[in-house]
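Okay, here's what each chain looks like letter by letter:
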Amino acid sequence: MAHTPPALVLTGGLLTALSACASAPIYGGAEPVGMGDDLYGFLVTMKGAREAAEVEAYVTCVVAGYALEKNAGFARRVRTNVKEEGGVWIADAVYSISPTLPRGIKTIDAEVAVADCAERGIPTV
């Protein structure tokens, strides 16, 4: 059985910890824009994402938080476009916000989503 010197173990652990900090996501702000009726547009930015799905999760959290602020318990995704430019991820999304469960398969229960976001450490504003 090979023995690893303590200095190498500490260095490896330190490098792992530093790389985890360096890759921690940075969530940009998001301001909803009313588009008429129950439709809202959201432009969200994020640094440190590894893939579009992480940005889409952030958008979901922002939308859920906004829905609760508006005393509307539900949202439905209309569309989400995600792109990456120079290390910054940008999501341009449109959602309908409503007090009752909307029809469709891409619906969000805002209270459930906000609780999930808190558990995952994703901000809602």
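Under the counting rule described, the total for this entry stands at four salt bridges. A salt bridge links Glu-54 to Arg-50, with the nearest nitrogen and oxygen atoms 3.3 Å apart. Put simply, Asp-92 and Arg-79 hold a salt bridge, and the shortest N to O gap is 3.6 Å. Remark: Arg-79 occurs in strand β3 (residues 74–85) and Asp-92 occurs in strand β4 (residues 88–98); sequence separation between them is 13 residues. For Asp-92, a relative accessible area of 32% gives the class partly exposed.

Right, let's talk about the packing of aromatic side chains for a bit. In total, this model carries four aromatic pairs according to the counting rule given. When the centroid spacing of 5.3 Å and the interplanar angle of 65 degrees are considered together, the rings of Tyr-40 and Tyr-66 count as edge-to-face. With a gap of 26 residues between them, Tyr-40 in strand β2 (residues 39–47) and Tyr-66 in helix α2 (residues 52–69) connect regions that are remote in the sequence. When sorted by exposure, Tyr-40 lands in the same class as Tyr-66, which is buried.

The subject of this paragraph is the environment of Gly-121. You can see Gly-121 is positioned in the segment after α3 (110–120). Distance in space between the C-alpha atoms of Gly-121 and Tyr-58 is 10.0 Å, their sequence separation being 63 residues.

With antiparallel pairing, five strands are arranged side by side in an open sheet as β1-β2-β4-β3-β5. Each edge of the open sheet is held by one strand with a lone partner, namely β1 (26–36) and β5 (107–109). Mean inter-strand twist for the sheet, computed between neighbouring axes without regard to direction, equals 30 degrees. As paired elements, β3 and β5 share three bridges and run antiparallel to each other. Among the inter-strand pairings, Phe-74 is bridged to a residue of β5, identified as Asp-109. Together, β1, β2, β3, β4 and β5 form the strand contacts of α2, whose direction differs from that of β4 by roughly 35 degrees. The sheet contacts of α3 involve β3 and β5, and relative to β5 the element is tilted by about 75 degrees.

Bringing the confidence of the model for the protein into the picture now. Across the protein, pLDDT averages 85, with 82% of residues at or above 70. By mean pLDDT, helix α1 (residues 6–22) is the weakest element of the protein at 43, and α3 is the strongest at 97. Note that residues 6–21 has pLDDT below 50 and, in this model, one contact with residues that lie over four places away or in other chains.

About the cut-offs
- Residues numbered from 1 in each chain as written.
- Predicted model: local features only at pLDDT ≥ 70, side-chain atom pairs only at ≥ 80, totals over all residues.
- Heavy atoms only, no water.
- Salt bridge = Lys/Arg side-chain N within 4 Å of Asp/Glu carboxyl O.
- Helix = DSSP H or I, 4+ residues; strand = E, 2+ residues; numbered from the N terminus.
- Buried < 20%, exposed > 50% of the residue type's maximum accessible area, 1.4 Å probe, protein only.
- Phe/Tyr/Trp six-rings, centres within 6.5 Å; stacked < 30°, edge-to-face > 60°.
- Pairing = 2+ DSSP bridges.
- Axes fitted to C-alpha atoms, helices over the stretch in contact; angles between N-to-C directions.
- Contact = heavy atoms within 4.5 Å.
- pLDDT = per-residue confidence, 0-100.

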